[in-house]
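# Summary of structural features
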Amino acid sequence: MANRLTRIYTRTGDDGSTGLADGSRVAKDHARVQAMGDIDELNSALGLLLTDTLPDRTREQLTQIQHRLFDLGGELAIPGHLSLNAQHVGELEQWLDADNDTLPPLKEFILPGGSRAASQCHVARTLCRRAERRLVSLAQLESVSSPSRHFLNRLSDFLFVLCRVLNRHHGVADVYWQKPTSS
């Protein structure tokens, strides 16, 4: 592969703008850039989660998800470009269903917590929800592919189930919300 970046700084963003991959420039707080940043933050949170002890299958899934999120960032960096499709969403649904089938049904709300890995996964889940909200905001201004929005929606669901799977893997109980008692 050829060198993609020979200089890390260019000074072209000093005016508060940034370049998209198609050569256009937008403000650094543009809805598209906000969505790209939230997806990047989510990807970083998954990278942190991957430093923990995880089942091999989970490690493979999260690594694949990281690549899909990078693709999604690229899709947003090139307006009109499509990277994700219904098959990517379907794959998440299969993983989600397979993992959820191994868990006891939920009868209570779960609080973020439990094992360190599950707690990190809960952070990633909340970042995914925020990235999804940003993508929805962008879609109100510009065209955003349906598979990209669906992917983030399914990913947050997958991460919720994965939190439970990770707690079980580490032998830690989920943290259940306690309804306040009347005083």
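### Some remarks on the overall build of the protein
Helix and strand content of the protein: five helices and four strands. When the elements of the protein are put in sequence order from the N terminus, they spell out β-β-α-α-α-β-α-α-β. Burial statistics for the protein: of 183 residues in total, 38% are counted as buried. When contacts within the protein are restricted to residue pairs at least 6 apart in sequence, those whose partners lie at least 24 apart make up 72%.

### Concerning the packing of helix H2 (residues 56-77) against helix H5 (residues 146-169)
Relative placement of two packed helices is described by the angle separating their axes and the distance separating the axes. The contact between H2 and H5 brings their axes to 12 Å, and the two run at 155°. In terms of orientation, H2 and H5 fall into the roughly antiparallel class. The way H2 lies across H5 gives a crossing that is left-handed. Of the residues in H5, those in contact with Thr-58, Gln-61, Leu-62, Ile-65, Arg-68, Leu-69, Leu-72 and Glu-75 of H2 are Ser-148, Phe-151, Leu-152, Leu-155, Phe-158, Leu-159, Leu-162 and Leu-166. Split into classes, the residues belonging to the contact of H2 with H5 amount to eleven nonpolar, three polar and two charged.

### Topic: the environment of Asp-97
With respect to the helices and strands, the residue Asp-97 is situated in helix H3 (residues 86-100). Take Asp-97: its relative accessible area is 46%, and that puts it in the partly exposed class. The spatial distance from the C-alpha of Asp-97 to the C-alpha of Phe-158 is 8.6 Å, given a sequence separation of 61 residues.

### Observations regarding the packing of aromatic side chains
For any pair of aromatic rings, the description consists of the separation of the ring centres together with the inter-plane angle of the planes. Taken as a whole and assessed by the stated rule, the structure comprises two aromatic pairs. Ring geometry for Trp-95 against Phe-158: centres 5.8 Å apart, planes inclined by 50°, an arrangement best described as tilted. Placement of the pair is Trp-95 in helix H3 and Phe-158 in helix H5, with a sequence separation of 63 residues. What makes Trp-95 buried here is its relative accessible area of 12%.

### Considerations on the side chain of Asp-174
Mapped onto the secondary structure, Asp-174 falls in the loop between H5 and strand E4 (175-176). For Asp-174, a relative accessible area of 14% corresponds to the buried category. In this structure the side chain of Asp-174 is engaged in a polar contact, spanning 3.1 Å, whose partner is the side chain of Arg-164. Polar contacts involving the side chain of Asp-174 include one to the side chain of Asn-167, which spans 2.9 Å. Those residues in contact with Asp-174 that sit more than four places away from it in its chain are Ile-110, Cys-163, Arg-164 and Asn-167.

Quick notes on the rules
- Numbering of residues begins from 1 in every chain and follows the order in which that chain's sequence is written.
- Where totals are concerned, whole chains, interfaces and linings use all residues; where local detail is concerned, this predicted model gives features only for residues with pLDDT of at least 70, and gives and counts side-chain atom pairs only at 80 or more.
- The side-chain numbers reported here are obtained from all heavy atoms of the structure, hydrogens and water having been left aside.
- Only DSSP runs of H or I with at least four residues qualify as helices, and only runs of E with at least two residues qualify as strands; both kinds are numbered from the N terminus onward.
- Residue exposure (1.4 Å probe, protein chains only): buried if accessible area is under 20% of the type maximum, exposed if over 50%, otherwise partly exposed.
- The contact rule is simple, with two residues in contact once any of their heavy atoms fall within 4.5 Å.
- Note on method: axes are straight lines fitted to C-alpha atoms, helices fitted across the in-contact stretch only, with angles between N-to-C directions ranging 0 to 180 degrees.
- Just so you know how the angles are binned, under 35 degrees is roughly parallel, over 145 roughly antiparallel, 65 to 115 roughly perpendicular, and the rest oblique.
- Working rule for handedness: look at the near helix, and if it is turned counterclockwise from the far one by less than a right angle, call the crossing left-handed; if clockwise, right-handed.
- Note that Gly is not counted as nonpolar here; it falls among the polar residues with everything else outside the nonpolar set of Ala, Val, Leu, Ile, Met, Phe, Trp, Tyr, Cys and Pro and the charged set of Asp, Glu, Lys and Arg.
- Pairs were defined over the aromatic rings of Phe, Tyr and Trp, the Trp ring being its six-membered one, requiring ring centres within 6.5 Å. Orientation was assigned from the angle between planes: stacked under 30 degrees, edge-to-face over 60, tilted for the rest.
- N or O atoms within 3.5 Å of each other form a polar contact, as long as, within protein, one can give a hydrogen and the other can take it, and as long as residues adjacent in sequence are counted only when both atoms are side-chain atoms.

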